[in-house]
Amino acid sequence: MSLNTFLKRTLLTVGAAMALGLSTLAAADGTIKVGVLHSLSGTMAISETTLKDTMLMLVDEQNKKGGLLGKKLEAVVVDPASDWPLFAEKARELLAKDKVAAVFGCWTSVSRKSVLPVFEELNGLLFYPVQYEGEESSKNVFYTGAAPNQQAIPAVDYLMNDLGVKRWVLAGTDYVYPRTTNKILEAYLKAKGVDEKDIMINYTPFGHSDWQSIVADIKKFGSEGKKTAVVSTINGDANVPFYKELGNQGISAEDIPVVAFSVGEEELSGIDTKPLVGHLAAWNYFMSVDTPANKAFIKQWHAFIKDDKRVTNDPMEAHMIGFNLWVKAVEKAGTTDPDKVAEAIIGLDTPNLTGGTAKMLPNHHITKPVLIGEIQEDGQFDVVWKTDKEVPGDAWSDYLPSSKVIEADWTGEKTGGKPCGNYNTETKKCSGQNYK
């Protein structure tokens, strides 16, 4: 082969490779990728699979409206399989390899804590749709689920003031959300005059199935002459045997009511709810809410999933709110650049499904109503109490000494002029992550 022929073929090969590369780049530029980071297997699949389906529905709906910034949205779904280190690996894959514009995902706080360093390192955006323990505000995370002051504290107030509860069982799965939430609740109860001997705290592993002795202890604790309630932060599929054991031991809602923070319509759809009628859950949305917006959402969900028996739940609404706020912020910023979207989203609002409005606050939490629902035989909830208006989410608890002096404000207005998620109002210093 002559030198000229070799050079020509080499140039043609390089040219073809460049053309293929440009074609691939053009194809990638033709869509805006959205990451979906939810467990589709393992102990949390009972709760998270529905959230994956919800995101697919929201992306499909947005594409029917013409997409975003003139481009179609493309959902990139991964399965972290209820494995907390794997959440971090999958998050890195979504951000570094798939180049997603935003990620919607996680359920447990331990999964969120696992991915948080990745989002901060790679400057990605995470929309987190589940109630959590607070004590956090990252510039890279938008918390569309409830903070403790939007769920746990109002639930305890309801039990105390409306049901006359005097003794408290704080039962949770053994990880960061239940432990931190119960730390806040224990401090709150003691501030309300509850004696330490009237507070029982118990933790069990993920997937715990043998509840006989624990439920017996709860029954004994509640038999000492004071009205007793269980405040449950039990997560995942452990709820199924827990509630079954309550029924087996004849514990009714009249005897010892249980108010749950992680049990919604999806979890109840897999069990016999008759023994559980009257037990409670505290959320910011229930499928049974009678509003035009909720009816339209349920109709849309059933049409998308092609199953009229599939239920809706609170984290689904949180994903809807987060997704709609993200779309508005991208449209306002004119780009999917994370810094510009994060700046644009503060102050934006969107309708919720209960007839009110969800607004993104400077601390990256949103405004939410609080509802207490009573379990019905059909697995739905009858709303027995709700707040008059939306409650702003607090990133840092007012009931923990180390937290009540901390402020989060990503505009800088309340944090010494510098955007900060962990600003000490006494020392006037930001010890957390902040904008460079």
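Look up: the structure comes first, before these words.
As a starting point, this report considers the structure included with it. (Residues numbered from 1 in each chain as written. Predicted model: local features only at pLDDT ≥ 70, side-chain atom pairs only at ≥ 80, totals over all residues. Heavy atoms only, no water.)

Looking only at helices and strands, one finds twelve helices and 19 strands in the protein. Relative to the globule expectation of 22 Å for 436 residues, the C-alpha radius of gyration of the protein, 24 Å, shows essentially globular dimensions. Projected onto the principal axes, the alpha-carbon positions of the protein cover approximately 100 × 55 × 45 Å. Counting every position in the protein, which comprises 436 residues, the buried fraction comes to 56%. The contacts of the protein with a sequence gap of at least 6 include a subset with a gap of at least 24, amounting to 66%. (Helix = DSSP H or I, 4+ residues; strand = E, 2+ residues; numbered from the N terminus. Rg over C-alpha atoms; globule rule 2.2 N^0.38 Å. Buried < 20%, exposed > 50% of the residue type's maximum accessible area, 1.4 Å probe, protein only. Contact = heavy atoms within 4.5 Å.)

Moving on, we get to the sheet that holds strand β5 (residues 141-143). Read from one edge of the open sheet, five strands run β2-β1-β3-β4-β5, paired in parallel fashion. Where the open sheet ends on each side, the last strands, each with one partner, are β2 (72-78) and β5. Strand-to-strand, the axes of this sheet are offset by a mean angle of 25 degrees, without reference to chain direction. Each of β1 (31-37), β2, β3 (102-105) and β4 (126-128) touches helix α11 (residues 314-333); the most contacted strand, β3, lies at about 170 degrees to it. (Pairing = 2+ DSSP bridges. Axes fitted to C-alpha atoms, helices over the stretch in contact; angles between N-to-C directions.)

Per the stated rule, a full pass over the model turns up 17 salt bridges. Salt-bridge contacts for R167 lead to D198; the nearest nitrogen and oxygen are separated by 2.8 Å. Here R167, found in strand β6 (residues 167-173), pairs with D198, found in the loop between α6 (176-191) and β7 (199-204); they are 31 residues apart in sequence, far enough to count as distant. By relative accessible area, R167 is classed as buried at 6%. One salt bridge connects R179 with D174, and the closest N-O pair in it is separated by 2.7 Å. What you see here is one network of salt bridges that share partners, running through R167, K197, D198, E224 and K226. (Salt bridge = Lys/Arg side-chain N within 4 Å of Asp/Glu carboxyl O.)

Let's shift gears to the packing of aromatic side chains. As enumerated under the stated definition, the model contains 16 aromatic pairs in all. On the numbers, 5.2 Å between centres and 55 degrees between planes, the contact of W84 with F206 is tilted. Taken together, the residues span a long stretch of sequence, with W84 in helix α3 (residues 84-97) and F206 in the loop between β7 and α7 (212-221) at a distance of 122 residues. Judged by its relative accessible area of 18%, W84 is buried. One cation-aromatic arrangement involves R112 over Y128; the distance from NZ or CZ to the ring centre is 4.9 Å. (Phe/Tyr/Trp six-rings, centres within 6.5 Å; stacked < 30°, edge-to-face > 60°. Lys NZ or Arg CZ within 6 Å of the ring centre and 35° of its normal.)

Moving on to the pairing of strand β8 (residues 228-233). The buried fraction of β8 amounts to six of the six residues, a majority that puts the element mostly inside the structure. Of the two faces of β8, the one carrying T228, V230 and S232 and the one carrying A229, V231 and T233 are both buried. Pairing analysis gives three bridges linking β8 to strand β9 (residues 258-260), with the strands arranged parallel. Bridge pairing in β9 links S232 to A260. Crossover connection from β8 via helix α8 (residues 239-248) to parallel β9: handedness right-handed. (Right-handed = clockwise from strand over helix to strand, strands pointing away.)

Attention now goes to the packing of α7 against α8. Two numbers describe how α7 lies on α8: the axes approach to 10 Å, and their chain directions differ by 55 degrees. As far as their axial angle goes, α8 and α7 are oblique. For the crossing formed where α7 meets α8, the hand is right-handed. In this structure, α7 uses Q212, V215 and I218 to contact α8, whose residues at the interface are F242, E245 and L246. Class assignment for the residues of the contact of α7 with α8 results in four nonpolar, one polar and one charged. (Parallel < 35°, antiparallel > 145°, perpendicular 65-115°, else oblique. Left-handed = near helix turned anticlockwise from the far one by under 90°. Nonpolar A, V, L, I, M, F, W, Y, C, P; charged D, E, K, R; others polar.)

A few words now on α7. Regarding α7, the residues found buried are I214, V215, I218 and F221. Projection of α7 onto a plane perpendicular to its axis shows the buried side chains occupying an angular sector of 120 degrees, all on one side. The exposed set on the far side of α7, more than 90 degrees from its buried face, consists of Q212 and K220. The inward-facing, buried residues of α7 contact β6, β7, β8 and α8. (Arc of directions from axis to C-beta.)

This part takes up the state of the cysteines. Enumeration over the complete set of coordinates arrives at one disulfide. Disulfide pairing places C420 opposite C430 at an S-S distance of 1.9 Å. Looking along the S-S bond of the C420-C430 disulfide, the torsion reads about 90 degrees, which is the right-handed sense. Here C420, found in strand β18 (residues 420-424), pairs with C430, found in strand β19 (residues 429-430); they are ten residues apart in sequence, far enough to count as distant. The exposure class of C420 is buried, given its relative accessible area of 0%. (Disulfide = S-S within 2.5 Å.)

Running from amino to carboxyl end, helix α5 (residues 152-162) crosses α6 at an angle of 40 degrees, the nearest separation of the two axes being 10 Å. Our classification of the angle between α5 and α6 gives oblique. Remark: the crossing between α5 and α6 carries right-handed chirality. Every residue of α6 that contacts α5 at A152, I153, V156, D157 and M160 is listed here: T181, I184, L185, Y188 and L189. Grouping the amino acids of the contact of α5 with α6 by side-chain chemistry returns eight nonpolar, one polar and one charged.

Limitation: the analysis is restricted to geometry and does not speak to function.
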